[in-house]
There are 2 protein chains.
Amino acid sequence: MGLKAVFSGVALLMVGMVGSVAVQAADLPWTFQPLPAVAEAPKDNPSTKEKLALGKQLFFDARLSITGTHSCNSCHNLSAGGEDGRAQPVGVYGRTGKRGTQTIWNAAFHTVYNWDGSANTLEEQAQKHILDPNIMGMPDAEAVVGRINAIPGYRQQFEKIFGKEAVNFKTIAMALSSYERTLTTPNSPFDRYLRGDDKAISAAAKRGIQEFIDVRCASCHFWINLAGPIPGLALQQGEGFYELFPNYPGTDYETRYSLADDLGRVYFSQEPTDTRMWRMPSLRNIAITAPYFHNGVVKTLDEAVRVMAKTQLRREVTEQQVSDIVAFLNTLTGEFPEQTLPRLPETPNRTAVAGHDH
Amino acid sequence: MGLKAVFSGVALLMVGMVGSVAVQAADLPWTFQPLPAVAEAPKDNPSTKEKLALGKQLFFDARLSITGTHSCNSCHNLSAGGEDGRAQPVGVYGRTGKRGTQTIWNAAFHTVYNWDGSANTLEEQAQKHILDPNIMGMPDAEAVVGRINAIPGYRQQFEKIFGKEAVNFKTIAMALSSYERTLTTPNSPFDRYLRGDDKAISAAAKRGIQEFIDVRCASCHFWINLAGPIPGLALQQGEGFYELFPNYPGTDYETRYSLADDLGRVYFSQEPTDTRMWRMPSLRNIAITAPYFHNGVVKTLDEAVRVMAKTQLRREVTEQQVSDIVAFLNTLTGEFPEQTLPRLPETPNRTAVAGHDH
């Protein structure tokens, strides 16, 4: 399921409500909302302190990959923007993933996951990346469970937290996702501005907000995550908010940056109407997550703004507009909660990746 | 320069001093010393709070590798035993290093670095791994400096800390090494035993200490790091303590585990007498750093003990001896100081690894 053009129209209407007058912070909440510091946990995976601690260990544990070389944090780098700064991720055996790593920061506020919406939940996203032969490369769920079960410190934690279920592929994903839901970056300058601190952002950034709405970037990039609907608001978890990209085919940018080569969601859904449909990516922390787009071919944020204006909105933007919009986008970098490095449970006197370490 | 058989003889003599009677903690200091919590900084690279903070960022920064995928921590995993749990490290482009990753924990107490003593200091070791085509793959020092200089938050820190020198390949290594010198794991059960806590280790471990001395493991694995001389004590920084391995050639183990295929230090020094000479590895945290030996072919610690007894000391050890020695080795796992994950300086609106991200 998903919302496409219809929803976009609603958003345009909403933006229209505030777009006709000079934008004031007080007018913006219809379009934008401050990022909450805490994301709600789904009912079937409530958070506990113990589960978060376990999930954090798993997130940093390269033994979840076949070769013992790649943890979630290898690509979703929590020391930085929650991704890898690369066009394509490098997984096990030097293999590269097809599409750029998306940030794990604020991922809790999406209704579907991956560029093509091929995962309905954070839990499913984690499972798919663990089994992806180009990413973590585990052959099947059984192998993952076997790897974790062979580490006594994990087995004990799972038994304590999940009881009879103990270690299985579902509980592994549940623990991981619980931790991932804590990875939010509230209090960006923009959030402080939305809450009434007029001095939190520059005059250029304020002009940028107006341009962002006028050029109609905000038609899709709106609400908490600047990525449209959030779970429970306009869409339920598992329902996606997709857009056609490129929306106006045949631009020079399309050729230069190979923007139309990847047909997007259709490969996953096998629905012809999903051709070149993409899940709306968040703009939170966008200034520190270059390079841009699903293929990572665009290296700078100003060029990304030009490309989007032209290919999605058929708009030529002036360099002043680009500069102002980039100033606004730079206010979307939040505060990153300090992470202490977890200690990983040991396999005393032997290695956990024996047989896959050559 | 280096000590070989001569030094070993001295060590044997020292061990002999306590080896003839039942070992008591009070007798051990001649052979073993508790691990200090703090390692001394060399005079030409004094520690400061700012330098440590910078070094920690660099340690966790994958942008020190050509592809932006490998930080020091990728292989020297500080969530675990300071290495990667693999026989060989996986570097950039899926390439594998020839010899197993050695732990970075307590590395400050070595007089030379790498399996073959091919680096005289921690600083040199860092530089060599950054430029190793199979590890971090940077083409030359200039490229490393260019990469770091292009990150404003780094440039500012280097200018503040190193003044006119600012960012250069030497100051990068100095900052990294300053941080690495803080990575010590004091207060292992064995250290507490050495300090007089008789209950810190089991009866089996106590028997193991005696066996370890009697079988003559301690002839080479002695003092603070159970790796022989430490900087300023018997050897100066840059002077190595090497042993022949296998010492008794032609064992079944040698064939089974390909122990003699790699000729060790001779490849580096080109001195025929360095054939199959190896720098003494530390036994600190050995229980959590499987697999074992330079080629990582031995998967378990008990087998490593059997192999060492036979190939180095021409001793058949009983399963009871193996079990006791392993119990002792398990008391060498220290306390790991909590590490907070550093925030890495950004390159706003662009990627730092452009051109190397495909």
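Residues numbered from 1 in each chain as written. Chains lettered and ligands numbered in written order. Predicted model: local features only at pLDDT ≥ 70, side-chain atom pairs only at ≥ 80, totals over all residues. Heavy atoms only, no water.

Student: Can you explain the overall build of chain A? Please cite residues and give values.
Tutor: On a plain count of helices and strands, chain A comes out with 13 helices and five strands. Taken over the C-alpha trace, chain A has a radius of gyration of 21 Å; the compact-globule value for 358 residues is 21 Å, and the two agree within 12%. Seen through its C-alpha atoms, chain A measures out along the principal axes to roughly 65 × 45 × 30 Å. A buried classification covers 59% of the 358 residues belonging to chain A. The contacts of chain A with a sequence gap of at least 6 include a subset with a gap of at least 24, amounting to 71%. Only carbon and sulfur atoms are counted for the fraction: they give 54% of the accessible area of chain A, which is about 14,100 Å². Averaging the coordinates of the 35 positive side-chain charges in chain A and doing the same for the 38 negative ones gives two points 2 Å apart. (Helix = DSSP H or I, 4+ residues; strand = E, 2+ residues; numbered from the N terminus. Rg over C-alpha atoms; globule rule 2.2 N^0.38 Å. Buried < 20%, exposed > 50% of the residue type's maximum accessible area, 1.4 Å probe, protein only. Contact = heavy atoms within 4.5 Å. Areas by Shrake-Rupley, 256 points an atom, 1.4 Å probe, with all protein chains shown as cover. Lys, Arg positive; Asp, Glu negative; His and termini not counted. Charge placed at Lys NZ, Arg CZ, Asp CG, Glu CD.)

Student: Account for the state of the cysteines, naming residues and giving values.
Tutor: Inspection of the entire model under this criterion finds zero disulfides over all chains. Of all cysteine sulfurs in the structure, the one in cysteine 75 of chain A sits closest to cysteine 72 of chain A, which takes part in no disulfide; the separation is 9.3 Å. (Disulfide = S-S within 2.5 Å.)

Student: Account for the domain arrangement of chain A, with residues named and values stated.
Tutor: Residue and element names in this part refer to chain A. The domain architecture assigned to chain A consists of domain 1 (2-37 + 185-332) and domain 2 (49-180). Between domain 1 and domain 2, the C-alpha centre-to-centre distance is 27 Å. Contacts between the two partners involve 37 residues from domain 1, matched on the other side by 28 residues from domain 2. Carbon and sulfur atoms supply 55% of the area buried between domain 1 and domain 2, which totals about 2,500 Å² over both sides. (Domains from an automatic or database assignment. Buried area = accessible area lost by both parts, 1.4 Å probe.)

Student: I'd like to hear about the confidence of the model for chain A, residue by residue, with values.
Tutor: All names here are of chain A. In the predicted model, chain A carries a mean pLDDT of 92, and 92% of its residues have values of at least 70. Throughout residues 5-22 the model reports pLDDT below 50, and contacts reaching past four residues in sequence, or to other chains, amount to 29 contacts. Interface scoring of the predicted complex returns ipTM 0.92; its pTM is 0.93. (pLDDT = per-residue confidence, 0-100.)

Student: A description of the interface of chain B and chain A should follow, citing residues and the corresponding values.
Tutor: Taken together, the contact pairs 52 residues of chain B with 52 residues of chain A. For the pair chain B and chain A, the summed buried area comes to about 3,700 Å², and 51% of that belongs to carbon and sulfur atoms. Among the residues of chain B in contact with chain A, Leu341, Arg343 and Asn349 of chain B are the three that bury the most area, contributing 20% of the side total. A salt bridge links aspartate 357 of chain A to lysine 299 of chain B; the nearest nitrogen and oxygen atoms lie 3.1 Å apart. Here chain B and chain A share 28 residue pairs in polar contact (both at pLDDT 80 or more) between them. Class assignment of the residues belonging to the side of chain B that touches chain A gives a composition of 22 nonpolar, 22 polar and eight charged. (Salt bridge = Lys/Arg side-chain N within 4 Å of Asp/Glu carboxyl O. Polar contact = N/O pair within 3.5 Å; in protein donor to acceptor, adjacent residues only side chain to side chain. Nonpolar A, V, L, I, M, F, W, Y, C, P; charged D, E, K, R; others polar.)

Student: Give a description of helix H6 (residues 152-162) of chain A that names residues and reports values.
Tutor: Residue and element names in this part refer to chain A. Those residues of H6 not exposed but buried are Tyr154, Phe158 and Phe162. Down the axis of H6, the smallest arc covering the buried residues is 30 degrees, so these residues share one side. Along H6, the residues that are exposed and aim more than 90 degrees away from the buried face are Gln156 and Lys160. Of the residues flanking the end of H6, it is glycine 163, one or two places downstream, whose phi is positive at about 60 degrees. (Arc of directions from axis to C-beta.)

Student: Tell me about the pattern of salt bridges, residues and numbers included.
Tutor: In total, this model carries 30 salt bridges over all chains according to the counting rule given. A salt bridge links glutamate 123 of chain B to arginine 181 of chain B; the shortest N-O distance between them is 3.0 Å. Taken together, the positions of glutamate 123 of chain B in helix H4 (residues 122-131) and arginine 181 of chain B in the loop between helix H7 (169-180) and helix H8 (189-194) put the pair 58 residues apart, joining distant regions of the chain. Relative accessible area serves as the criterion here: at 11%, arginine 181 of chain B is assigned to the buried category. Arginine 306 of chain B is the salt-bridge partner of glutamate 303 of chain B, the closest N and O atoms lying 2.6 Å from each other. Taken together, the residues span about one helical turn, with glutamate 303 of chain B and arginine 306 of chain B both in helix H12 (residues 301-313) at a distance of three residues. Residue class for glutamate 303 of chain B comes out buried when judged on its relative accessible area of 10%. Put simply, Arg256, Asp302, Glu303, Arg306 and Glu319 of chain A are held in one network by salt bridges that share partners.

Student: Describe helix H5 (residues 141-149) of chain B, listing the residues and the values that go with them.
Tutor: All names here are of chain B. Buried residues of H5: Val144, Val145, Arg147 and Ile148, and no others. The buried residues of H5 occupy an angular sector of 160 degrees when projected down its axis, which confines them to one face. Looking at the buried side of H5, the elements it contacts are helix H2 (49-59), H4, helix H6 (152-162) and H7.

Student: Describe the nonpolar core, with residues and values.
Tutor: Within the largest apolar cluster, 79 residues are counted, with the highest numbers of intra-cluster contacts made by Leu58 and Ile172 of chain A together with Leu58 and Ile172 of chain B. In contact with leucine 58 of chain A, not counting residues within four places along its chain, are Leu64, Cys72, Ile148, Tyr154, Phe158, Ile172, Ala175 and Leu176 of chain A. (Core = buried A, V, L, I, M, F, W, Y, C linked by side-chain atoms within 4.5 Å.)

Student: Tell me what's going on with the relation of the copies chain B and chain A, and back it up with residues and numbers.
Tutor: The transform that puts chain B on chain A rotates by 180 degrees and translates by 0.0 Å along the axis, for an RMSD of 0.0 Å. The transformation relating the two chain copies, once decomposed into turn and shift, fits a two-fold axis. When the interface residues of chain B are mapped onto chain A, 100% of them are again interface residues, pointing to one common binding face. (Least-squares fit on C-alpha atoms with pLDDT ≥ 70 in both.)

Student: Hey, could you go over unusual backbone geometry for me, with residue numbers and the actual values?
Tutor: The omega torsion of the bond from phenylalanine 245 of chain A to proline 246 of chain A falls at -5 degrees, within 30 degrees of zero and hence cis. Relative to the helices and strands, proline 246 of chain A resides in the loop between strand E4 (240-244) and helix H10 (252-256). A positive phi angle is found at asparagine 114 of chain B, which is not glycine, with a value near 75 degrees. The residue asparagine 114 of chain B is located in the loop between helix H3 (72-75) and H4 in this model. A positive phi is found at tryptophan 223 of chain B, a non-glycine position, where the angle reads about 65 degrees. Assignment of secondary structure puts tryptophan 223 of chain B in the loop between helix H9 (203-214) and strand E2 (230-231).

Student: Now, about the packing of aromatic side chains: what can you tell me, with residues and values included?
Tutor: In the structure shown here, the tally under the stated rule is 28 aromatic pairs over all chains. Ring centres of tyrosine 253 of chain A and tyrosine 257 of chain A lie 6.2 Å apart, and the angle between their planes is 10 degrees; this geometry places the pair in the stacked category. Arranged with centres 5.3 Å apart and planes meeting at 85 degrees, the rings of phenylalanine 32 of chain B and phenylalanine 190 of chain B form a pair that is edge-to-face. Of the two residues, phenylalanine 32 of chain B sits in the loop between helix H1 (5-19) and H2 while phenylalanine 190 of chain B sits in helix H8, which places them 158 residues apart along the sequence. By the burial criterion, phenylalanine 32 of chain B is buried, and phenylalanine 190 of chain B matches it. (Phe/Tyr/Trp six-rings, centres within 6.5 Å; stacked < 30°, edge-to-face > 60°.)

Student: Can you explain the packing of helix H12 (residues 301-313) of chain A against helix H13 (residues 319-329) of chain A? Please cite residues and give values.
Tutor: Residues and elements named next belong to chain A. Close contact between H12 and H13 brings their axes to 9 Å; oriented N to C, the two are set at 115 degrees. Pair H12 / H13 crosses with right-handed handedness. Where H12 approaches H13, its residues Leu301, Asp302, Val305 and Arg306 are matched on the opposing element by Glu319, Val322, Ile325, Val326 and Leu329. In terms of residue class, the contact of H12 with H13 is made up of six nonpolar, no polar and three charged. (Axes fitted to C-alpha atoms, helices over the stretch in contact; angles between N-to-C directions. Left-handed = near helix turned anticlockwise from the far one by under 90°.)

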